[in-house]
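In case you want the letters, here they are:
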Amino acid sequence: MRRIFVAGNWKMHKTIAEAKELVSGILSGLGQYDNVEAAVCPSYLAVPAVSELCEGTPLKVGAQNVYWEESGAYTAEVAPQMVAEVCDYVIVGHSERRKLFGETDETVNKRLKAALKAGLKVIVCVGETLEENEAGETEKVVTRQMKDGLADISAEQAMDITIAYEPVWAIGTGRAATPEDANHVHKDVIRPLLNAQFGEERGESIRIQYGGSIKPNNAAELFSMSDIDGGLVGGASLDAESFLAIIKAASKVLNG
Ligand code: PEP
């Protein structure tokens, strides 16, 4: 059975009080779309409060990053088991981390391994920049990010991974990839790499989310594509009504 997974990345938005208000709004409308898996990823500080409100509900909670060491003199970093104490998911390799904070495929791989070891489910982000896209390098870049980012991950571990294909030029720009272009990268680039690394049965079952300017008005079209198994949503996840509208679109697609 097909599963769609919609996750909201709140980035550096929402105080604890605002995060509680937003998640309460989402929870109040979520019940009717129980065929969709949904998660929200607030800033670290708001994660415990949001997790508390989500306890016993279908809404999952994640953090937006994690460090790879278990403890030590790493001022301001947060260890995997600290994250796992307060939520179930974590995002690694978001393009903003890559661009603004020096994240590399190697550090993505370290974070991924450490997060999986701590029992977290991980959303691994990949995606090309505008420059790379215009130079025709999408396949090359995404292949490198996938191979190096997922290096040494076993088929069993891979069951806790979701891939988010987020073309950087589509994030926060209002200019989403076309459903056909996004599906092409999912189906013809990412899926074969997953199948090759983890075997076809497992590779086919790993979800590949699309991310980049998903809105209520384009979500259904995107989720209708064969290999778009959900979305990582930034801006439109900051408002309960628009996030719920995206989840509703996913639910409708699943109901045919
Ligand atoms: C994101 O932050 O991962 C993202 C896809 O943002 P937006 O939906 O705002 O483009």
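In this text the structure is predicted, and so the values were computed from the model without any measurement. (Residues numbered from 1 in each chain as written. Predicted model: local features only at pLDDT ≥ 70, side-chain atom pairs only at ≥ 80, totals over all residues. Heavy atoms only, no water.)

Undergrad: Before we move on, can you summarise helix 12 (residues 240–254) with the specific residues and values?
TA: For helix 12, built from 15 residues, the straight-helix expectation of 21 Å at 1.5 Å per residue is met to within 8% by its first-to-last C-alpha distance of 21 Å. Among the residues making up helix 12, those that are buried are Ala240, Ser242, Phe243, Leu244, Ile246, Ile247, Ala249, Ala250 and Ser251. Here the buried face of helix 12 lies against strand 1 (5–9), helix 1 (16–30), strand 2 (37–41), helix 11 (219–223) and strand 8 (230–233). Phi for Gly256, located one or two positions after helix 12, is positive at around 70°. (Helix = DSSP H or I, 4+ residues; strand = E, 2+ residues; numbered from the N terminus. Expected span 1.5 Å × (residues − 1). Buried < 20%, exposed > 50% of the residue type's maximum accessible area, 1.4 Å probe, protein only. Contact = heavy atoms within 4.5 Å.)

Undergrad: An account of the side chain of Arg111 is needed here, citing residue identities and associated values.
TA: Mapped onto the elements of the fold, Arg111 is located in helix 5 (residues 105–117). Arg111 gets classed as buried once you look at its relative accessible area, which sits at 9%. Setting aside residues up to four positions removed in sequence, Arg111 forms contacts with Asn65, Val66, Tyr67, Trp68, Val92 and Glu103.

Undergrad: Can you lay out the nonpolar core for me, pointing to particular residues and giving the numbers?
TA: Among the nonpolar cores identified, the biggest contains 69 residues, and Val6, Ile163, Ile190 and Phe223 are the most heavily contacted of them. With residues near it in sequence (within four places) discarded, Ile163 still touches Val124, Val126, Met146, Leu150, Ile190, Leu194, Ile206, Arg207, Ile208 and Gln209. (Core = buried A, V, L, I, M, F, W, Y, C linked by side-chain atoms within 4.5 Å.)

Undergrad: Explain the environment of Ile16 to me, using residue names and the numbers behind them.
TA: Considering the arrangement of structural elements, one finds Ile16 in helix 1. Given the relative accessible area of 41%, Ile16 is considered partly exposed. Taking the C-alpha atoms as reference points, Ile16 and Ala49, 33 residues apart in sequence, are found 7.1 Å from one another. Ignoring sequence-local partners within four residues, the contact set of Ile16 consists of Leu45, Ala46 and Ala49.

Undergrad: Which residues make up the site of the ligand, and what values go with them?
TA: Around the ligand sit 14 residues, and of these Lys11, Glu166, Gly172, Ser213 and Gly234 come closest. One of the side-chain N or O atoms of Lys11 is found 2.8 Å from an oxygen atom in the ligand. Within the contact set of the ligand, an oxygen atom lies 2.7 Å away from a backbone nitrogen or oxygen of Ser213. Relative to its unbound accessible area of 300 Å², the ligand is 98% covered by the protein chains. (Near = heavy atom within 4 Å. Polar contact = N/O pair within 3.5 Å; in protein donor to acceptor, adjacent residues only side chain to side chain. Areas by Shrake-Rupley, 256 points an atom, 1.4 Å probe, with all protein chains shown as cover.)

Undergrad: Mind laying out unusual backbone geometry, listing which residues take part and the relevant values?
TA: Most peptide bonds take the trans form, and the phi angle of most residues other than glycine is negative. Despite not being glycine, Lys14 shows a phi value in the positive range, around 80°. As for its position among the elements, Lys14 is in the loop between strand 1 and helix 1. Of note in the backbone geometry, Ser213 takes a positive phi value of approximately 60° without being a glycine. Within the secondary structure, Ser213 is located in the loop between strand 7 (208–211) and helix 11.

Undergrad: Summarise the sheet that holds strand 1; cite the residues concerned and give the values.
TA: On the basis of which strands lie adjacent, the closed barrel formed by 8 strands has the order 1-2-3-4-5-6-7-8 and parallel pairing. Shown here is a sheet whose adjacent strand axes are inclined to one another by a mean of 25°, direction ignored. Packed on one face of the sheet, helix 2 (residues 47–54) meets strand 2 and strand 3 (60–63) and runs near 170° to strand 3. (Pairing = 2+ DSSP bridges. Axes fitted to C-alpha atoms, helices over the stretch in contact; angles between N-to-C directions.)

Undergrad: Go over the environment of Lys14, please, and point to the residues and values.
TA: The exposure class assigned to Lys14 is partly exposed, which follows from its relative accessible area of 29%. Taking the C-alpha atoms as reference, Lys14 lies 7.8 Å from Ser43; in sequence the two are 29 residues apart.

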